[in-house]
Amino acid sequence: MTSTSSADGSLIQVRDLHRTFTVRRKTSRFRGVRDEVVAVHDLTFSVEVGEMVGYIGPNGAGKSTTIKMLTGILVPTDGSLSVAGLDPSRQRTELARHLGVVFGQRTTLWWDLPLRDSFAVLQKIYRTSPERHRANLAEYVELLDLGDLLDTPVRQLSLGQRMRGDIVAALLHDPEILFLDEPTIGLDVISKGRLREFLRTLNAERRTTLMLTTHDLQDIEALCDRVIVIDHGTAVFDGPLADLHTQGGSTRTLVVDLVDEAPAISVPGAVTRRVEGPRQWLSFPADASAAPIVAAVAAAYDVADLSIQEPDIEDVIREIYQR
Amino acid sequence: MAETLAGAAAANVRAYRDIGLMWTRAAMAYPASFWMMAFSGFVVGGLDFVGIWIMFHTVDSLGEWNLREIAFLYGASGFGLAFADMLVGRVERLGDLIRTGRLDAMFLKPLPLLLQVCADEFALRRLSRILQSVVVLGVACTFVAWSPVKVLVTLSMIASSSVIYLAIFVAFACIQFWTIDANEVANAFTYGGNAVTQYPLSIYPREVVTGLTLVVPLAFVNWYPALYVIGKPDPYGFPDWLRFASPLAAVVLMALALLVWRTGVRHYTSTGS
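Residues numbered from 1 in each chain as written. Chains lettered and ligands numbered in written order. Predicted model: local features only at pLDDT ≥ 70, side-chain atom pairs only at ≥ 80, totals over all residues. Heavy atoms only, no water.

### Some points on the overall build of chain B
Quick note on the threshold: Secondary structure elements are defined from DSSP: runs of H or I of at least 4 residues count as helices, runs of E of at least 2 residues count as strands, and each element is numbered from the N terminus. Between the two quantities, the radius of gyration covers C-alpha atoms and the globule rule is 2.2 Å times the number of residues to the power 0.38. Buried residues are those whose accessible area, probed at 1.4 Å on protein chains only, stays under 20% of the maximum for their type, while exposed residues exceed 50% and partly exposed ones sit between those limits. The contact rule is simple, with two residues in contact once any of their heavy atoms fall within 4.5 Å. Only four residue types enter the charge count, namely Lys and Arg as positive and Asp and Glu as negative; His and the chain termini do not. Charge coordinates come from a single atom per side chain, which is NZ of Lys, CZ of Arg, CG of Asp or CD of Glu.
Assigned secondary structure in chain B consists of 13 helices and 0 strands. Computed over its C-alpha atoms, the radius of gyration of chain B comes to 20 Å, within 12% of the 19 Å expected for a compact globule of 273 residues. Oriented by its inertia axes, the alpha-carbon framework of chain B measures out at about 60 × 45 × 40 Å. In chain B, which comprises 273 residues, the share counted as buried stands at 51%. Here the analysis covers contacts within chain B between residues at least 6 apart in sequence; of these, 76% occur between residues at least 24 apart. Once the 18 positive and 17 negative side-chain charges of chain B are each reduced to a mean point, those two points are 7 Å apart.

### Quick word on the interface of chain A and chain B
The criterion, for reference: Two parts placed together each lose some accessible area under a 1.4 Å probe, and the buried area is that loss summed for both. Definition used for salt bridges: Asp or Glu carboxyl oxygen within 4 Å of a side-chain nitrogen of Lys or Arg. Counting of polar contacts relies on pairs of N or O atoms within 3.5 Å, with two restrictions inside protein: one atom must be capable of donating a hydrogen and the other of accepting it, and residues adjacent in sequence are counted only when both atoms are side-chain atoms.
Each partner contributes to the interface: chain A provides 30 residues, whereas chain B provides 28 residues. Summed over the three residues of chain A that lose the most area to chain B, namely I73, R92 and I125 of chain A, the buried surface amounts to 22% of that side. In this structure, the salt-bridge partner of K68 of chain A is D104 of chain B, at a minimum N-O distance of 3.6 Å. Joining chain A to chain B, the criterion identifies 5 residue pairs in polar contact (both at pLDDT 80 or more).

### Considering the pairing of strand β12 (residues 279-285) of chain A
Looking along a regular strand, one sees side chains alternate from face to face of the sheet. Residue and element names in this part refer to chain A. Quick note on the threshold: Any two strands with at least two DSSP-identified bridges between them are counted as paired.
Of all 7 residues in β12, 5 are buried; the element is thus mostly enclosed. Across 7 bridges, the pairing between strand β10 (residues 251-258) and β12 is antiparallel. Looking across to β12, one finds that T253 is bridged to S283. Counted along the chain from strand β11 (residues 271-276) to the antiparallel partner β12, the turn is 2 residues long, and its residue G277 has a positive phi close to 60°.

### Some words on the sheet that holds strand β2 (residues 32-47) of chain A
All names here are of chain A. This is how it is decided: A fitted line through C-alpha atoms represents every axis, and for helices the fit uses only the stretch in contact; the resulting angles, taken between N-to-C directions, go from 0 to 180 degrees.
Across the sheet, 3 strands lie side by side as β2-β1-β4; this open sheet has antiparallel pairing. Each edge of the open sheet is held by one strand with a lone partner, namely β2 and β4 (78-83). Strand-to-strand, the axes of this sheet are offset by a mean angle of 30°, without reference to chain direction.

### Notes on the side chain of S89 of chain A
Following the sequence through the fold, S89 of chain A ends up in the loop between β4 and α2 (92-96). Setting aside its immediate chain neighbours within four residues, S89 of chain A contacts G72, L74, V75 and P76 of chain A together with R266 of chain B.

### Structural notes on the nonpolar core
Formally: The criterion is simple. A nonpolar core is a set of buried Ala, Val, Leu, Ile, Met, Phe, Trp, Tyr and Cys residues joined through side-chain atoms within 4.5 Å. In this entry, domain limits derive from an automatic or database-based domain assignment.
If you look at the biggest cluster of nonpolar residues, it comprises 161 residues, and the most contacted ones within it are I12, F45 and F119 of chain A together with L103 and W261 of chain B. In terms of residue count, the dominant contributor to this core is helix α3 (residues 67-88) of chain B (12 residues). Structurally, this core is a two-domain feature, drawing no fewer than three residues from each of domain 1 (49-73 + 87-246) and domain 2 (250-321) of chain A. If sequence neighbours within four positions are ignored, W261 of chain B has contacts with V91, L94, L113, L114, V117, V170, C174 and F177 of chain B.

### What to know about the sheet that holds β10 of chain A
All names here are of chain A. Taken together, 4 strands build an open sheet; the order of strands is β11-β12-β10-β13 and the sheet is antiparallel. Because the sheet does not close on itself, it has two edges, and the strands there are β11 and β13 (303-309). This sheet shows a mean twist of 20° between the axes of neighbouring strands, independent of strand direction. The pairing of β10 with β13 spans 6 bridges and is antiparallel. Counted as the bridge partner of V255 is S307 from β13. Packing against the sheet, helix α9 (residues 291-300) makes contact with β10, β12 and β13, and its axis sits at approximately 20° to β10.

### Digging into helix α1 (residues 63-70) of chain A
Helical periodicity: at 3.6 residues per turn, an α-helix aligns residues three or four positions apart in one direction. Residues and elements named next belong to chain A. Most of α1 sits inside the fold, with 7 of its 8 residues counted as buried. For α1, every residue scored as buried is listed here: K63, T65, T66, I67, K68, M69 and L70. A positive backbone phi angle near 90° is found at G72, which sits one or two residues after α1.

### Some points on the packing of helix α3 (residues 115-126) of chain A against helix α5 (residues 159-171) of chain A
Residue and element names in this part refer to chain A. How we decide: In this scheme, roughly parallel covers angles under 35 degrees and roughly antiparallel covers those over 145, while 65 to 115 is roughly perpendicular and the rest are oblique. Helix crossings fall into two classes, left-handed where the near helix is turned counterclockwise from the far one by less than a right angle and right-handed where it is turned clockwise. Residue polarity is assigned by list, with Asp, Glu, Lys and Arg as charged and Ala, Val, Leu, Ile, Met, Phe, Trp, Tyr, Cys and Pro as nonpolar; anything else, Gly included, falls into the polar class.
At their nearest, the axes of α3 and α5 sit 10 Å apart, and the two run at 20° to each other. One element, α3, and the other, α5, form an angle in the roughly parallel class. Pair α3 / α5 crosses with right-handed handedness. Contacts between α3 and α5 involve L115, F119 and L122 on the former and, on the latter, G165, V168 and A169. Residues of the contact of α3 with α5, tallied by class, amount to 5 nonpolar, 1 polar and no charged.

### Re the domain arrangement of chain A
Residue and element names in this part refer to chain A. Considered domain by domain, chain A is made up of domain 1 (49-73 + 87-246) and domain 2 (250-321). Inter-centroid distance (C-alpha atoms) of domain 1 to domain 2 is 37 Å. With 14 residues of domain 1 in contact, the opposing surface of domain 2 contributes 10 residues. Interface area for domain 1 against domain 2, summed over the two sides, is near 1000 Å², with a carbon-plus-sulfur share of 70%. Applying the counting criterion to the domain 1 and domain 2 interface returns 0 salt bridges. Summed over the shared surface of domain 1 and domain 2, the number is 0 residue pairs in polar contact (both at pLDDT 80 or more). Mapped by element, the contributors of at least two residues to the side of domain 1 that touches domain 2 are β8 (226-231), β9 (234-239) and α8 (241-247).

Given below as structure tokens:
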């Protein structure tokens, strides 16, 4: 499919986007007041063709509201918005042909029908040409290893199988943009790995633009060259993942198990945060190398075991929110 | 432009058919349930008329209408309701679709939202209710002294009755865009409206008939065209042209319903996540 983009060449263009909700709050049995809740405000960003963007933030930060505006489900209160050169809420049906959307927590497949039948109906709904439908189906079913499951009713599929089915369903019409909402939630480690591998391939071979919301740091690290962090309805960070760590002042942790109990370890480049019997926790900047610290500890102490904990993205993000 | 519009309409009809077929196939995964529901739909609908029939063992006429004439009213209203119910009845579950997030998923498909909502869980077994109304109407028609105009008026009555019920289903379901738990309101006007129009409106006070003409125009579902086809004077002396106005009422009501739907969709606020 030829890609459509707005005047400045961006596939997704969001400028000064606002969305407020009116919430009625009961004050007494019969009276209520209307509160304006701001879900998204002053949100500006753009996404280019072929990018893989992680869209993250705590619950209630405005992630879902943004995705719903980008896909035409919600009408923005104010601001401008263009996806694939279209106004999502006004040109929803046209936009739908350019988008694939996968919700990790619910399925868009038909519960009582075999996967094969759900896919067949989608071909009719999207009016994909039979040849392209067949080719895409064959390719994705192969890549996601769904061949044996095509005749199984969706209700009998496991979560991981159903998720793969949902992803095929979202891709059969060759969308240029794929939105994924918590795509790996509830999946086991192997399924997660497979899914990430598949998404990378999709992006590399078809230049499909990916935007995913997730709480899983590994999803972001495995897939996203770029992260947008949203809090209280506005973007607080937009850039490469590596910069997020620097900006968030994030740290990695070296866990040291000594042979015997000892006072707090003191080595250059790291700070001892915690001592618990023979075990000690040392933290050091995420962008620094662990090697010299490990060497220094091993040289000065009798070490039984060592391990390194990667920074928790939630902590990094929390750090950013607090500034 | 007209051609692309017709093309789009045809594509939508095909999409509705494809989705409907798929739900029918899904329902056929449980064939016993399908046939039982279809059969009970036919019987329950039929019992309704049996009730009226039994009543006529003690009375000769109701509001100066005899049983055969009332069968005409009953069949016309019943057909409209059953037909609309089969095509768009699921719209009354709009609140559920909102709550479960399934409406959000429908926003993501390249089809009109209303079409998807109505085609959702399409139930072919409702055909049995239509069939039951057709039987009653068919029998009633054998007692009519036909003329070409009467045939036209009857055909337009059947079409208008369906469209009016379609519009009422849609318009009142839209309340659920604002308050999710309001599907009973629609029922009052669809099934309730059918219960009212099964009888000649001459049994109701003038104010009720005025309301059914001007406010919720259910009188156009069967009453006015039946006055013409059966050849009765209007007991309230309303103008004669109303007898031919059912298609107009249907078109106006449908336009209003679509307007309310559009407003509802733009007002839609989705759910939490």
